[in-house]
Amino acid sequence: MENYFVLLIGAVLVNNFVLAKFLGVCPFLGVSKNVKTAMGMSGAVIFVMTIGSALAAVIHHYVLLPKEIGGVVVNPHVWVAIDLTYLRTISFILVIASNVQLLEVVLQRLSQPLYQGLGIFLPLITTNCAVLGAAVINAQKEHSIIESTWYGFASGLGFALALILFSSLRERLDIGHPPKSFQGVPIALITAGIAAMIFMGFSGLDIGLKTFFNHIKQGLL
Amino acid sequence: MIEAVLFMASTGMILSTVIALANRFLAVETDPRIEAVEEMLPGANCGGCGYSGCPAFAKAIIEESVEPGLCPVSSGDEAQRIASYTGMEPVFSEPYVALVKCCGDNTRSPERALYNGVNDCNAAINVAGATKSCQHGCLGLGSCSRACPFNAIEIDEELRIAIVHPNLCVGCGKCIESCPRDMITMVPKSAPIHILCNSPEKAPIQRKLCTRGCIGCQRCARQAPESIKMVNFLATIDYDNPPHDLSLVDTCPVDRIHTSLGIDYIPAPKKKKGAIKSLECHKVLGVAPQASEAEINKAFADKIVHYDISLIIKMDEEEQKQAIMESEKISQAYKDCLAFDPSAHTVKEGQ
């Protein structure tokens, strides 16, 4: 259980997708003009990242990842005796893109208000690198399927936090008086840089938490 | 390599089959007419019709038989097209435009402090009631301008006042909520006369705050009692029965009644230090006060009408009198202009 808590803190604060890993910077700058659209975008990203990470993890664990059975490397689920891990990126892209398409159809059927709320943002994030990034990081860190789903959700939350914070900052910047040469995008980029530096203050928090929980487990505390 | 191709092809096949099946069995039946009507609507999503946006309005038109004429943005033709598509008779609502009830720019109602905070009326109002002397007038920091989805409200940065462009304004009413002083109202586009003041103060106070504020003299209300009412020393037009008599404009001693909306609102000329005051004679001839003698001569030659005897014969007595008076006026102006000494009429510093 503590493991999941550490994953959450790690993805939201310490290794924030936008401000520490610099993934998904395009929507971070493009859709942050006002808080309302930022919220729509955040909702869509959380939704797609959670489901996309889960699906990608399933593909990773049951199709791509080889297992050693009796000294032979095989993919037990597709009955092929070869290593398919080199197809990771392209198959993740395929899965995520079709996942978004599928989600759109299903959402329209199941929940009209949610579908209208997410609106244009859902198809927009088909090719968002943050979604693919979450799937690839899951594969690299060898998370289990449940861990991957949780990590995808947590990264989505981190993205939402950064996007909503930044959009409210930008709303204020719009009515402020920055010097003429800084007006608009330049001041936004500088603000983003400062925000990234602020999030560096969290670095080491997840490792600390991990050690803390380990110590409790071992009865040291 | 072959296994990669096979793998991707099969994955693609499976996923596309799933999507196709989902599309086939989960698709939502929507009325195609709603989409068609939505196409015909302007897509501005301004909410002026009373619905949350164009898609919601399109749905209401089809499902609840709402009038397409409610849309303030689409022109009569578009509403007509939608109405004939749905088989209804279009009913047009009277077009409305926003009116900023203030003409007190900072030359008329001066700033009483220096404000350096966030450039927004709703923020400024929290700091000791903002900087304009008049506590009811336009702050000119542009909250309404930012709220307008059609860029119909312009802020004059120097004079600090909001100016509505009635040909861009569609009357959606989004600006009304944005104004912290509640001084934007929707008025019928056809109303010819407006009172550009929002201050209910009494004359002695008002005079100190703004040179153009309504002083509550009631002259206009007395001339058009059925359409102008006094509300706490502020003349207010009843837009259910707006006045059409343009002579009302001349009754106002402070020039606060305007014949049209913001686009015709002309800010007071800025008096710069050392500028030369223009006199009546210059206006008659249409020359600048610092014009040279040659320029005045030329203007006089252009203005004066040489009356031929054949012309004079055709005139009746009244017209002859008029012509003589006109000629005399121009000649007099010419003489005055030549005798004009610019140095005596220079505006002094601080005036």
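The structure we're discussing is the one just above.
Bear in mind the structure is a predicted one, so any value in this text is a computation, not a measurement.

1. So, the overall build of chain B
- When helices and strands are tallied, chain B shows 14 helices and eight strands.
- Taking all 351 residues of chain B together, 40% fall into the buried category.
- Pairs at least 24 apart in sequence give 60% of the contacts found in chain B among residues at least 6 apart.
- Of the roughly 20000 Å² of accessible surface on chain B, 54% is carried by carbon and sulfur atoms.

2. Focus on the side chain of A:Ser42
Residue and element names in this part refer to chain A.
- By the element assignment, Ser 42 lies in helix H3 (residues 35-64).
- With relative accessibility at 3%, the residue Ser 42 sits in the buried group.
- When neighbours within four sequence positions are excluded, Ser 42 is seen to be in contact with Ala 160, Leu 163 and Ile 164.

3. Some points on the interface of chain A and chain B
- At the junction of the two partners, chain A supplies 19 residues and chain B supplies 21 residues.
- The contact between chain A and chain B buries some 1800 Å² in all, and 78% of this surface belongs to carbon and sulfur atoms.
- Our enumeration of links across chain A and chain B arrives at zero salt bridges.
- Put simply, the parts of the chain that give the side of chain A that touches chain B at least two residues each are H3 and helix H4 (88-110) of chain A.
- Looking at the side of chain A that touches chain B element by element, the count peaks at eleven residues for H4(A).
- Broken down by class, the residue content of the side of chain A that touches chain B amounts to 13 nonpolar, five polar and one charged.

4. Some points on the pattern of salt bridges
- For the structure on display, the rule yields two salt bridges over all chains.
- A:Glu2 serves as the salt-bridge partner of A:Lys217, at 3.7 Å between the closest nitrogen and oxygen. Note that A:Lys217 is positioned in helix H10 (residues 205-217) and A:Glu2 in helix H1 (residues 2-14), a separation of 215 residues in sequence.
- In this structure, B:Arg146 engages B:Asp120 in a salt bridge whose closest nitrogen and oxygen atoms are separated by 2.9 Å. Here B:Asp120 lies in the loop between strand S1 (96-100) and helix H5 (121-124) and B:Arg146 lies in helix H6 (residues 143-147), a separation of 26 residues in the sequence.
- Its relative accessible area of 12% is what places B:Asp120 among the buried residues.

5. A look at the state of the cysteines
Residue and element names in this part refer to chain B.
- Counted under the stated rule, the structure contains zero disulfides over all chains.
- Not engaged in a disulfide, the cysteine Cys 148 finds its nearest cysteine sulfur in Cys 172; these two sulfurs lie 6.1 Å apart.
- Classification of Cys 148 as buried rests on a relative accessible area of 13%.
- Unpaired in terms of disulfides, Cys 214 finds its nearest cysteine sulfur in Cys 197, a separation of 5.6 Å.

6. A closer look at a nonpolar patch on the surface
- A cluster of nonpolar residues, A:Phe182, A:Ile190, A:Ile194, A:Met197, A:Ile198 and A:Met200, forms a patch on the protein surface that exposes about 610 Å² of accessible area.
- Checked against the element boundaries, A:Met200 lands in helix H9 (residues 185-200).

7. Regarding the packing of aromatic side chains
- Taken as a whole, this structure holds eight aromatic pairs over all chains when the rule is applied.
- The interplanar angle of 65° and the centroid separation of 5.6 Å between the aromatic rings of A:Phe199 and A:Phe202 together place this pair among those described as edge-to-face.
- The lysine or arginine in question, B:Arg24, covers the ring of B:Phe25, its NZ or CZ lying 5.3 Å from the ring centre.

8. Points about H4(A)
- The first and last C-alpha atoms of H4(A) sit 31 Å apart over 23 residues, in line with the 33 Å expected at 1.5 Å per residue.
- Every buried residue belonging to H4(A) is among A:Ser91, A:Phe92, A:Val95, A:Ile96, A:Ser98, A:Asn99, A:Val100, A:Leu103, A:Val105 and A:Leu107, and all of these are buried.
- In this structure, the buried residues of H4(A) make contact with H3, helix H5 (112-118), helix H6 (121-124) and helix H7 (129-140) of chain A together with helix H1 (2-26) of chain B.

9. Some thoughts on H9(A)
Residues and elements named next belong to chain A.
- Between its first and last C-alpha, H9 extends 23 Å over 16 residues, near the 22 Å set by a 1.5 Å rise per residue.
- Within H9 the residues assigned to the buried category are Ile 187, Ala 188, Thr 191, Ala 192, Ala 195, Ala 196 and Phe 199.
- Structurally, H9 contributes buried residues whose contacts are with H1, helix H2 (25-30) and helix H8 (145-174).

10. Observations regarding the pairing of S1(B)
Residue and element names in this part refer to chain B.
- Among the five residues in S1, four count as buried, and that is most of the element.
- With five bridges joining them, S1 and strand S4 (residues 184-188) adopt antiparallel strand pairing. Residue Val 100 lies in a different strand from S4, and its bridge partner there is Ile 184.

11. Concerning unusual backbone geometry
Residue and element names in this part refer to chain B.
- Positive phi values are uncommon outside glycine, yet Asn 151 reaches one of about 55°.
- With respect to the secondary-structure elements, Asn 151 resides in the loop between H6 and strand S2 (153-156).
- We classify Asn 151 as exposed; its relative accessible area is 58%.
- The phi angle at Gln 218 is positive, at roughly 70°, despite the residue not being glycine.

12. What about the environment of A:Glu2?
All names here are of chain A.
- According to the relative accessible area criterion, Glu 2 is partly exposed, its value standing at 29%.
- Once the C-alpha coordinates of Glu 2 and Phe 213 are considered, the two residues, 211 residues apart in sequence, prove to be 6.9 Å apart.
- If we skip the residues at most four places from it in the chain, Glu 2 touches Phe 213 and Lys 217.

13. Here we look at the nonpolar core
- Of all hydrophobic cores here, the largest spans 53 residues; its most connected members are A:Leu19, A:Phe28 and A:Leu64.
- Counting residues per element, this core draws most heavily on H3(A), at ten residues.
- Among all residues touching A:Phe28, those that are not within four sequence positions of it are A:Val18, A:Leu19, A:Ala162, A:Leu163, A:Phe166 and A:Ala192.
- Counting residues in hydrophobic clusters, the runner-up holds 28 residues, among them B:Val97, B:Cys144, B:Ile184 and B:Val187.

14. Notes on the layout of surface pockets
- Considering only enclosed or pocket space, the largest pocket measures out at about 1800 Å³ in volume.
- Looking at the largest pocket, it is lined by 42 residues, and the ones nearest its centre are A:Lys36, A:Gln116, B:Asn45, B:Ser52 and B:Gly53.
- Residue composition of the lining of the largest pocket, by class: eleven nonpolar, 16 polar and 15 charged.

15. What to know about the packing of helix H12 (residues 293-303) of chain B against helix H14 (residues 317-339) of chain B
Residues and elements named next belong to chain B.
- The N-to-C vectors of H12 and H14 enclose an angle of 175°; their axes lie 10 Å apart at closest approach. Judged by the inter-axis angle, H12 sits roughly antiparallel to H14. On H14, the residues touching Glu 293, Ile 296, Asn 297, Phe 300 and Lys 303 of H12 are Ile 330, Ser 331, Tyr 334, Cys 337 and Leu 338.

Rules used in this analysis
Residues numbered from 1 in each chain as written. Chains lettered and ligands numbered in written order. Predicted model: local features only at pLDDT ≥ 70, side-chain atom pairs only at ≥ 80, totals over all residues. Heavy atoms only, no water. Helix = DSSP H or I, 4+ residues; strand = E, 2+ residues; numbered from the N terminus. Buried < 20%, exposed > 50% of the residue type's maximum accessible area, 1.4 Å probe, protein only. Contact = heavy atoms within 4.5 Å. Areas by Shrake-Rupley, 256 points an atom, 1.4 Å probe, with all protein chains shown as cover. Buried area = accessible area lost by both parts, 1.4 Å probe. Salt bridge = Lys/Arg side-chain N within 4 Å of Asp/Glu carboxyl O. Nonpolar A, V, L, I, M, F, W, Y, C, P; charged D, E, K, R; others polar. Disulfide = S-S within 2.5 Å. Patch = residues over 30% accessible without salt bridge, like charges linked within 9 Å, V, L, I, M, F, W, Y side chains within 5 Å. Phe/Tyr/Trp six-rings, centres within 6.5 Å; stacked < 30°, edge-to-face > 60°. Lys NZ or Arg CZ within 6 Å of the ring centre and 35° of its normal. Expected span 1.5 Å × (residues − 1). Pairing = 2+ DSSP bridges. Core = buried A, V, L, I, M, F, W, Y, C linked by side-chain atoms within 4.5 Å. 1 Å grid on protein atoms, 1.4 Å probe; cavity = no way out; pocket = protein on both sides within 12 Å on 5 of 7 lines; lining within 4 Å. Points joined across faces, edges and corners; volume = space filled by probe spheres on them. Axes fitted to C-alpha atoms, helices over the stretch in contact; angles between N-to-C directions. Parallel < 35°, antiparallel > 145°, perpendicular 65-115°, else oblique.

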